[in-house]
Amino acid sequence: MARYEPSQSEALWQKAWADAEVFRARRDESKRKYYVLEMFPYPSGRIHMGHVRNYTMGDVVARTKIAQGYSVLHPMGWDAFGMPAENAAMERGGHPKTWTYGNIADMKAQMRPLGLSIDWTREFATCDPEYYGQQQAMFIDMMAAGLVYRKNAVVNWDPVDMTVLANEQVIDGRGWRSGAMVERRELTQWFFKISDYSEELLTALDGLKDWPEKVRIMQANWIGQSRGLQFAFETKGAPQGFERLEVYTTRPDTLMGASFAAISPDHPLARALEAGNPAVAAFVAECRRIGTSEEALEKAEKRGLDTGITVRHPLDQAWELPVYIANFILMDYGTGAIFGCPAHDARDFEFATKYGLSIHSVFVPEGEIDAPLTEAFVPPKSETVHYVRRFAGESVQSGENGVETAIAYCEGHGIGKGVTNYRLRDWGISRQRYWGCPIPVVHCATCGVVPEAKANLPVRLPDDVSFDQPGNPLDRHPTWRDCACPKCGAPARRETDTMDTFVDSSWYYARFTAPHAATPTVAEDVGYWMNVDQYIGGIEHAILHLLYSRFFARAMHKTGHLPAKAIEPFNALFTQGMVTHEIYLTRDAAGRPVYHLPEDVEGGQLKASGEAVEVIPSAKMSKSKKNVVDPVNIIERFGADTARWFILSDSPPERDVEWTAAGAEAAFKFLNRVWLIAERVAEMPVSDAGPGDMDLMRAVHRAIADVTFAIENFAFNKAIAKIYELANTLSRSAASAAAMKVALRAMAQLMSPMVPHLAEEIWHAMGGAGLVVTAPWPEADPALLVEDEVTLPIQINGKRRAEITVPKDMPASEVEKLVLADETVARALAGQPPKKLIVVPGRIVNVVH
RNA sequence: GCGGGCGUGGCGGAAUGGUAGACGCAUGGGACUUAAAAUCCCUCGGGCGCAAGCCCAUGCCGGUUCGAGUCCGGCCGCCCGCACCA
């Protein structure tokens, strides 16, 4: 063996794997399959450490499963549609297509040196017509299945650029480029009926045992099932057609605490009033400037306008409540109208205080009396309270009971009905943009809205478009819109909306099973490969991407593109943390921060000038703060194995990991050390079995058991710690050459998922047969794992005071005798019997006195 | 604002409710070297003590328990998401 030079050897091993086609996924009915998938990247043009972390984790899983004899599918593709390509075209000229495919080529070139176990023959980009054409075919099937419809919905409208803005393009209520105040505008848009599956998507979460609990909770809250009462107020003074006002409430038990009714600025009644009332029109217009995001609405100051209309309280005809238009009422939730009970809702309290509305408690804590409130009293619904303004049920009961008895009472008296509502809204997929999958629909003067004929798919994006002006190039293209109606043949116009890019990423996992098929999926392939056994990605996708994918899998099943077993497409989910780095900055003359790349800083100073830098604690790597480390540079300097080893070693995978130069160097040093151990062993003279052989074998088998367990539980940092221990044992061992070689081969195997190139090198040097990547995963011999003795700490009153070593299976009664005979214990007890003696076999002893 | 998560030495972290700090980094000491680098060995939470040992310590405040970093309640700080960023 020569020096450890990864730049030489890594490429050679990658070629060996490619030549042997070891990562080619094959449908082999005789083997168990394993499908591991990392969330595919957006082709920005550069890979970053977050990608390295994500794909290395997937690679560890994939390589372990290959060694364990599975037929493994580990694909990679590109989430290639989206706004950045259009922005690039606007800023720098060029075409989104050229930009995107160029980026893909660049990123792929940066990824390949990592030595990932990817089957590149399955690669595709979502902007390939071959892919989005199949997506259009499924859209048409979903239309036929009743899962698609059109309705009006509001968008952010930039009145200067005359274009629709994404939420992230609205900054403080203004368009990001024009700076104009953004307006809300209604457009007819395409929707998927995800709400058909609200209950199903909620209840099925219980079956996702291998998903993080937090993701299931977030999804459940997002779906937001609620039980409540829907009823109608009779109105007084409302325009014709608004004699009744439907409201929905989850707290009908607080009806007697009502002090106002409120409607959304987008409510039909508000619109009706707007026409004839300038004050209403002005207020509503102001509300519409807040923007469309729920975050913006919630953060905005709560404001309302008294419409002058009143409603009768359903339980007391003489009781009238004012009707407000309020900026925090969402038209999309419930009926877009509510009644306010300030005593038991924080937002209503704030509102009532502001507008001088009455505040009456409906219930008080048990044992307390009714008194004026300084803030809303909102106990958990499960808590028992004393109802002081009650119309149904017991006077002392839980909120839950209160709600149910109130619903029963109202239903019995003809006031509304109990309903189950969901917060989840239908999925609006229309985008007024070019770089997305065209919605395959035609507008015909006689036939109306008609799906394109499947024979005409894909509906391709035209190449001859310009981005010199804002707005949708498809809309202003001279000829692209012109087509023939697929139904009657008359001249017709194409839909110019394209699809939300979340649609693209909602089924790519299924497409990987047959990436180039002439149908969206192939029954044999999805039958064999689905489901994804392990999905890995960022926690930022906990709700939308994963929920849309779960819906889409169901829609694909309904339209015959996925088997029933695949309606939950991801068996196990792992959400990894971010990669962070310290931030380095100096100040310019005006005191503004000037950021510096880590590679330009050494020892707290700029390399170039020696100027001292300020160091800000680690944050997510971002270009704007320049706290980025380019994986390409790291690989050039240390090799891919060092990058992979370090990114896995320093933090638990679900937490953020801080990239540090010292850590990367330490990783490199360790790999060197392993290399040197191997070199020494390779040169050891052959000898008979030595006295240290047995101890070494015990350590090896302990490591096999621990590392395997750690990998299977996504504790890669702990797997690496165990490998460090084994390396320490190995370098101190006095075992024979033969035993050392066996141990090193095992260590190479255990290391191979993380540092596959070095592992091949060592495996080869230690006389391993073939490639380590395909060598069967080692199994721990249980006989070598058993310990004969255990050391038990002895606590006295919960504090560790002594310890005893006893045979592993000594009965508790025997242990007790030994403990009581212990000098420290005897001294502490001073002749008294212990109050309590707790023996946890194999773990601990606690003497209480 | 709402929903979810996280918080342990100088640093990254380890710890089925059972010895807090595995493993690694940094620091300090030593070996090797003319010297340095590399490598190897030892030390390494804080305080008191000659020592045996004792006390304090897992963001803060309380609670449950023989025993709490771990479970429960309340705060503080940071991070993720909020439906047109991907």
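Residues numbered from 1 in each chain as written. Chains lettered and ligands numbered in written order. Predicted model: local features only at pLDDT ≥ 70, side-chain atom pairs only at ≥ 80, totals over all residues. Heavy atoms only, no water.

Overview of the sheet that holds strand 35 (residues 836-840)
Put simply, the rule reads: Note: two strands are recorded as paired if DSSP finds a minimum of 2 bridges between them. Starting at the N terminus, helices and strands are each numbered in turn, a helix being any DSSP run of H or I of at least four residues and a strand any DSSP run of E of at least two. Here an angle of 0 to 180 degrees is reported between the N-to-C directions of two axes, which are lines fitted to C-alpha atoms, with helices fitted over the stretch in contact.
Spatial ordering of the open sheet is given by 34-33-36-35, a layout of 4 strands whose pairing is mixed. Two strands lie at the open edges of the sheet, namely strand 34 (799-807) and strand 35, each paired on one side alone. Taken pair by pair, the neighbouring strands of this sheet meet at an average axis angle of 20°, ignoring direction. The sheet contact formed by strand 35 and strand 36 (residues 844-848) spans 5 bridges and is antiparallel.

Description of the pattern of salt bridges
Heads up, the rule is: Counted as salt bridges are all cases of a side-chain nitrogen of Lys or Arg within 4 Å of a carboxyl oxygen of Asp or Glu. Here's how the labels work: a residue is buried when its accessible area is under 20% of the maximum for its type, exposed when over 50%, partly exposed in between, all with a 1.4 Å probe on protein chains only.
Using the criterion set out here, one finds 46 salt bridges in the structure. The partner of arginine 24 in a salt bridge is glutamate 21, with the nearest N and O atoms 3.4 Å apart. Note that lysine 354 and glutamate 301 form a salt bridge whose closest N and O atoms lie 2.3 Å from each other. With lysine 354 in helix 11 (residues 346-355) and glutamate 301 in the loop between helix 10 (294-299) and strand 11 (304-313), the pair connects residues that are 53 residues apart, well separated along the chain. The class of lysine 354 is partly exposed, set by a relative accessible area of 37%. Sharing partners across several salt bridges, the network here consists of Arg184, Glu186, Asp266, Arg271, Glu274 and Arg288.

Description of the nonpolar core
Rules: For this analysis, a nonpolar core means a set of buried residues of the types Ala, Val, Leu, Ile, Met, Phe, Trp, Tyr and Cys, connected via side-chain atoms within 4.5 Å. Contact definition: two residues touch when any of their heavy atoms are within 4.5 Å.
By size, the foremost hydrophobic cluster in this structure holds 170 residues, and its most contacted members are Phe192, Tyr508, Tyr509, Trp645, Trp659 and Met751. Apart from residues lying up to four places away in sequence, methionine 751 is in contact with Trp645, Phe670, Leu671, Val674, Ile723, Leu758 and Ala759.

Some thoughts on the environment of glycine 94
With respect to the helices and strands, glycine 94 occurs in the loop between helix 3 (83-92) and helix 4 (96-111). On the accessibility criterion, glycine 94 (62% relative accessible area) is exposed. Considering only alpha carbons, one finds glycine 94 and phenylalanine 467, 373 residues apart in sequence, at a separation of 8.7 Å.

Observations concerning the protein's contact with RNA strand B
Put simply, the rule is: If even one non-hydrogen atom of a residue comes within 4 Å of a molecule or strand, that residue is called near it. In protein, a polar contact requires one atom able to donate a hydrogen and another able to accept it; more generally it is a pair of N or O atoms within 3.5 Å, and residues adjacent in sequence count only if both atoms are side-chain atoms.
For RNA strand B, the set of nearby residues contains 64 residues, the closest of which are Asn167, Arg433, Asp650, Lys718 and Asn846. One of the side-chain N or O atoms of glutamate 725 is found 2.9 Å from a sugar or linking oxygen in RNA strand B. Separating a phosphate oxygen of RNA strand B from a side-chain N or O atom of lysine 836 is a distance of 3.4 Å.

What about the sheet that holds strand 15 (residues 384-387)?
Spatial strand order, 14-15-16: 3 strands in an open sheet with antiparallel pairing. Two strands bound the open sheet, and with one partner strand each, they are strand 14 (363-365) and strand 16 (396-398). The mean angle between the axes of side-by-side strands here comes to 45°, regardless of whether they run parallel or antiparallel. Pairing between strand 15 and strand 16: 3 bridges, direction antiparallel. Residue pairing across strands places histidine 386 opposite valine 396, the latter belonging to strand 16. Along the sheet, helix 12 (residues 399-412) makes contact with strand 15 and strand 16, crossing strand 16 at roughly 95°.

A closer look at the pairing of strand 33 (residues 789-796)
Two strands pair when backbone bridges link them, and strand 33 and strand 34 are joined in this way by 8 bridges, in the antiparallel orientation. From the neighbouring strand, isoleucine 796 faces strand 34, where its bridge partner is lysine 799. Inspection of the sheet shows strand 33 paired to strand 36 by 3 bridges, in the parallel sense. Across the sheet, residue glutamine 795 finds its bridge partner in strand 36, namely asparagine 846.

Structural notes on the side chain of aspartate 630
Here aspartate 630 shows up in the loop between strand 31 (614-620) and helix 18 (631-638). Within the local environment of aspartate 630, its side chain forms a polar contact with the side chain of arginine 46, the two groups lying 2.5 Å apart. Excluding anything up to four places from it in sequence, aspartate 630 contacts Arg46, Ile47 and Met49.

Considering helix 9 (residues 278-287)
Note the following rule: Our arc is simply the arc of the directions from the helix axis toward the C-beta atoms.
Taken together, the buried positions of helix 9 are Val280, Phe283, Val284 and Cys287. Along the long axis of helix 9, the arc covered by the buried residues comes to 95°, so they all point the same way.

Concerning the packing of helix 3 against helix 4
Convention followed: Rotating anticlockwise by less than a right angle from the far helix to the near helix defines a left-handed crossing, while the corresponding clockwise rotation defines a right-handed one. Only Asp, Glu, Lys and Arg are considered charged, only Ala, Val, Leu, Ile, Met, Phe, Trp, Tyr, Cys and Pro nonpolar, and every remaining residue, Gly among them, polar.
Running from amino to carboxyl end, helix 3 crosses helix 4 at an angle of 115°, the nearest separation of the two axes being 8 Å. In this structure, helix 3 crosses over helix 4, and the sense of that crossing is right-handed. Note on element contacts: helix 4 touches helix 3 through Pro96, Trp99 and Thr100, opposite Pro84, Ala85, Glu86, Ala88, Ala89 and Arg92. Partitioning the contact of helix 3 with helix 4 into residue classes produces 6 nonpolar, 1 polar and 2 charged.

A closer look at the state of the cysteines
To be explicit about the condition: Two cysteine sulfur atoms form a disulfide, by the criterion used here, when they sit within 2.5 Å.
Counted by the stated rule, this structure contains 0 disulfides. The thiol of cysteine 437 is unpaired, and the distance to the nearest cysteine sulfur, on cysteine 127, comes to 11 Å.

A closer look at the layout of surface pockets
Stated precisely, the cut-off is as follows: Of the two site types, the cavity is a set of points on a 1 Å grid over the protein atoms alone where a 1.4 Å probe fits but cannot get out, and the pocket is an open set with protein on both sides within 12 Å along at least five of seven lines, each lined by residues with an atom within 4 Å of a point. Grid points are joined across faces, edges and corners, and a volume is the space filled by probe spheres set on the points.
Its volume calculated, the second largest pocket comes out at about 940 Å³. For the lining of the second largest pocket, the secondary-structure elements that each account for two or more residues are helix 7 (213-223), strand 8 (226-236), strand 9 (244-249), helix 10, strand 13 (337-340) and helix 11. Residues of the lining of the second largest pocket, tallied by class, amount to 13 nonpolar, 11 polar and 9 charged.

Let's talk about the packing of aromatic side chains
Aromatic ring pairs are defined here through the distance separating the ring centres and the angle between the ring planes. Put simply, the test is: A pair of Phe, Tyr and Trp rings is counted when the ring centres sit within 6.5 Å of each other, with Trp represented by its six-membered ring. The angle between the planes then sorts it: under 30 degrees is stacked, over 60 is edge-to-face, the rest tilted. Charge-over-ring placement is defined geometrically: NZ (Lys) or CZ (Arg) within 6 Å of the ring centre, and within 35 degrees of the ring normal.
Applying the stated rule across the entire model yields 46 aromatic pairs. Each ring, one from tyrosine 197 and one from phenylalanine 551, has its centre 5.7 Å from the other, and the planes form 65°; the classification is edge-to-face. With tyrosine 197 in the loop between strand 7 (183-192) and helix 6 (198-203) and phenylalanine 551 in helix 17 (residues 544-558), this pair connects stretches of sequence that are 354 residues apart. This pair shows no difference in class: tyrosine 197 is buried, exactly as phenylalanine 551 is. Every member of this aromatic cluster is reached through a ring pair, and the members are Phe40, Phe124, Tyr131, Trp507, Tyr508, Tyr509, Phe512, Tyr535 and Phe570. Looking at arginine 32, its charged tip hangs above the ring of tyrosine 70, at a distance of 4.2 Å from the centre. Residue placement shows arginine 423 over the ring face of tryptophan 222; its charged tip is 4.5 Å from the ring centre.

Considerations on helix 3
In an α-helix, one full turn covers 3.6 residues, which means residues spaced three or four apart are oriented alike. Listed in full, the buried residues belonging to helix 3 are Met83, Ala85, Glu86, Asn87, Ala88 and Ala89. Just downstream of helix 3, glycine 93 is the residue with a positive phi angle, here 75°.

Some words on unusual backbone geometry
Where the residue is not glycine, phi is negative for most of them; where a peptide bond is considered, it is trans in most cases. In this structure, proline 458 follows leucine 457 across a cis peptide bond, with omega equal to -5°. Examined against the element boundaries, proline 458 turns out to sit in the loop between strand 21 (448-451) and helix 13 (473-476). A cis amide bond links methionine 530 with the next residue in sequence, asparagine 531, at an omega value of 10°. Topologically, asparagine 531 is positioned in the loop between helix 16 (523-529) and strand 25 (534-538). For asparagine 797, which is not glycine, the phi dihedral falls at a positive 55°.

Let's talk about the packing of helix 21 (residues 693-712) against helix 22 (residues 716-732)
Test applied: Note that the term roughly parallel is reserved for angles under 35 degrees, roughly antiparallel for angles over 145, roughly perpendicular for angles of 65 to 115, and oblique for everything else.
The contact between helix 21 and helix 22 brings their axes to 8 Å, and the two run at 170°. Taken together, the axes of helix 21 and helix 22 are roughly antiparallel relative to one another. Contacts between helix 21 and helix 22 pair Leu696, Ala699, Val700, Ala703, Asp706, Val707, Ala710 and Ile711 from the former with Phe716, Lys718, Ala719, Lys722, Ile723, Leu726, Thr729 and Leu730 from the latter. Considering only residue class, the contact of helix 21 with helix 22 consists of 12 nonpolar, 1 polar and 3 charged.

Thoughts on the confidence of the model for chain A
Just so we agree on the cut-off: A residue's pLDDT is the predictor's confidence in that residue, given on a scale from 0 to 100.
Averaged over chain A, the pLDDT score is 92; the fraction of residues at 70 or greater is 100%. Both scores are available for the predicted complex, with the pTM at 0.94 and the ipTM at 0.94.

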